[in-house]
Amino acid sequence: MGVHRGRFEFALLVEGPVILFSYALEELIFWEEAPYCWHLQHEDLRVIPVVDPSPKARSLLWITLVGAHDGVIHAQRGLALAPEFTRALYSAIRHQALSPFRPYECTSAISRIIRKRRKLTEHLAAAVARTTGNQ
């Protein structure tokens, strides 16, 4: 199955000024996370998303699997995120982007996240939104 056809799950957590985008891929990836801070993105990539209230508005997530040893793209796949998840994600990014950037708070939050590494049940219970790909 893998990246091409496997079932992806996603969870969105907000830890102070940091957004955590968590993901799992059945039988291959057991809940990893990627921290996100709008203020740390390159200026050309900083876009404040518009939250579309439509019950059908979805965001597309493009997944690229790159080999760590060879730098070659081994798989790519696009997944639609559920409307509720999309709204929660865009709202979290908007809130973060429109808040003042305090570098110390951001790095402290990331340090706390790394130090406390919650149990999976606590981690998922703290999620503001969850979805599977193409739900």
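Heads up: these notes are all about the structure in this document. (Residues numbered from 1 in each chain as written. Predicted model: local features only at pLDDT ≥ 70, side-chain atom pairs only at ≥ 80, totals over all residues. Heavy atoms only, no water.)

1. Considerations on the sheet that holds strand β6 (residues 129-132)
Backbone-to-backbone hydrogen bonds pair the strands of a sheet. The strands run either parallel or antiparallel. Pairing is antiparallel in the open sheet, where 4 strands are placed in the order β3-β2-β1-β6. With partners counted over all chains shown, the strands left at the sheet margins are β3 (29-36) and β6, one partner each. In this sheet, neighbouring strand axes are inclined to one another by 20° on average, regardless of whether the strands run parallel or antiparallel. Relative to β3, strand β2 (residues 18-25) runs antiparallel, the two sharing 6 bridges. Across the sheet, residue Ser22 finds its bridge partner in β3, namely Glu33. Contacting β1 (8-15), β2, β3 and β6, helix α2 (residues 83-98) crosses the sheet at an angle of about 30° to β1. (Pairing = 2+ DSSP bridges. Helix = DSSP H or I, 4+ residues; strand = E, 2+ residues; numbered from the N terminus. Axes fitted to C-alpha atoms, helices over the stretch in contact; angles between N-to-C directions. Contact = heavy atoms within 4.5 Å.)

2. Thoughts on the pairing of β2
A large share of β2 lies buried, amounting to 7 of its 8 residues. Pairing of β1 with β2 involves 8 bridges; the strand directions are antiparallel. Within β2, the position partnered with Val14 by the bridge is Ile19. Where β1 folds back on β2, the antiparallel hairpin that results is connected by 2 residues, among which Gly16 adopts a positive phi of roughly 60°. Following β2, the chain reverses through 3 residues before pairing antiparallel with β3; Glu27 in that reversal takes a positive phi of roughly 65°. (Buried < 20%, exposed > 50% of the residue type's maximum accessible area, 1.4 Å probe, protein only.)

3. Digging into the nonpolar core
Counting residues in each nonpolar core, the largest one holds 19 residues, and the members touching the most others are Phe8, Phe10, Leu12, Ile63 and Phe85. For this core, the elements supplying multiple residues, two or more each, are β1, β2, β5 (73-81) and α2. For this core, the element with the most residues is α2, which contributes 5 residues. Setting aside its immediate chain neighbours within four residues, Ile63 contacts Val3, Phe8, Phe10, Ala75, Gln76, Arg77 and Leu79. One finds Leu13, Leu20, Cys106 and Leu124 within the second-largest nonpolar core, a separate group that totals 12 residues. (Core = buried A, V, L, I, M, F, W, Y, C linked by side-chain atoms within 4.5 Å.)

4. Considerations on unusual backbone geometry
Phi angles above zero are rare outside glycine, and Trp31 is one such case at about 40°. In this structure, Trp31 sits in strand β3. Unlike most non-glycine residues, Asn134 shows phi in positive territory, near 60°. Mapped onto the elements, Asn134 comes out in the segment after β6. Take Asn134: its relative accessible area is 46%, and that puts it in the partly exposed class.

5. Describing the packing of aromatic side chains
Applying the stated criterion across every chain, the model contains 3 aromatic pairs. Geometrically, the ring pair formed by Phe8 and Phe10 is stacked, given 5.9 Å between the ring centres and 0° between the ring planes. For Phe8, a relative accessible area of 6% corresponds to the buried category. Ring centres 6.0 Å apart and planes at 80° place the aromatic pair Phe21 and Phe85 in the edge-to-face group. (Phe/Tyr/Trp six-rings, centres within 6.5 Å; stacked < 30°, edge-to-face > 60°.)

So yeah, pure geometry; function would need other evidence.
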